[in-house]
Amino acid sequence: MKWTDTYDIAIGMADAHEDVDPQYVRFTDLHAWVCALPGFDDDPNRSNEKILESIQMVWIEEAK
């Protein structure tokens with residue numbers, strides 16, 4: 001997965017952190033969790049606030 005794979009990352013986050021309300025996740029934590037996902041293979045420094053916000057929004061939708 002790359003940073004641009006927003007939907008796949010959000011699904012991975014929902015699976016890996018079922019007990020977490022994604023609405024309250026800090027971007028610093030989200031960044032670390034994404035980098036730790038199995039199958040994630042991108043440069044951690046290529047992330048930015050816009051990408052993290054997109055991931056978080058999809059994750060919120062998936063958690064409903």
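Anything mentioned here points back to the structure above.
Quantities reported herein were computed from a predicted structural model and do not represent experimental measurements.

Here helix H3 (residues 49-63) spans 21 Å end to end across 15 residues, near enough to the 21 Å set by a 1.5 Å rise per residue. Within H3, the full set of buried residues consists of Ile 51, Leu 52, Ile 55, Gln 56, Trp 59 and Ile 60. Among the structural elements, helix H1 (6-16) and helix H2 (27-36) are those in contact with the buried residues of H3.

Bringing the packing of H2 against H3 into the picture now. Look at H2 against H3: their axes get within 10 Å of each other, and the N-to-C directions meet at 80 degrees. Classified by the angle between their axes, H2 and H3 sit roughly perpendicular to one another. Of the residues in H3, those touching H2 at Phe 27, Leu 30, His 31, Trp 33 and Val 34 are Glu 49, Leu 52, Glu 53, Ile 55, Gln 56 and Trp 59. Classifying every residue of the contact of H2 with H3 by side-chain character gives seven nonpolar, two polar and two charged.

On to the side chain of Gln 56. Examined against the element boundaries, Gln 56 turns out to sit in helix H3. Residue classification places Gln 56 among the buried positions, given a relative accessible area of 8%. Dropping the residues within four chain positions of it, Gln 56 is found in contact with Pro 22, Gln 23, Val 25, Phe 27 and Leu 30.

To continue, consider the pattern of salt bridges. All chains considered together, the criterion is met by four salt bridges. A salt bridge links Lys 2 to Asp 41; the nearest nitrogen and oxygen atoms lie 4.0 Å apart. Separated by 39 residues along the polypeptide, Lys 2 in the segment before H1 and Asp 41 in the loop between H2 and H3 bring together distant segments of the chain. Among the residues examined, Lys 2 registers a relative accessible area of 37% and is labelled partly exposed. Residue Glu 61 pairs with Lys 64 through a salt bridge whose shortest N-O separation is 3.2 Å.

It is worth spelling out the environment of Val 58 at this point. Within the secondary structure, Val 58 sits in helix H3. Residue Val 58 is classed as partly exposed on the basis of its relative accessible area, which comes to 22%. Among residues more than four places away in sequence, those in contact with Val 58 are Thr 6, Tyr 7 and Ala 10.

Calculation notes
Residues numbered from 1 in each chain as written. Predicted model: local features only at pLDDT ≥ 70, side-chain atom pairs only at ≥ 80, totals over all residues. Heavy atoms only, no water. Helix = DSSP H or I, 4+ residues; strand = E, 2+ residues; numbered from the N terminus. Expected span 1.5 Å × (residues − 1). Buried < 20%, exposed > 50% of the residue type's maximum accessible area, 1.4 Å probe, protein only. Contact = heavy atoms within 4.5 Å. Axes fitted to C-alpha atoms, helices over the stretch in contact; angles between N-to-C directions. Parallel < 35°, antiparallel > 145°, perpendicular 65-115°, else oblique. Nonpolar A, V, L, I, M, F, W, Y, C, P; charged D, E, K, R; others polar. Salt bridge = Lys/Arg side-chain N within 4 Å of Asp/Glu carboxyl O.

Note that every value here comes from positions in space, so none of it alone points to a role or purpose.
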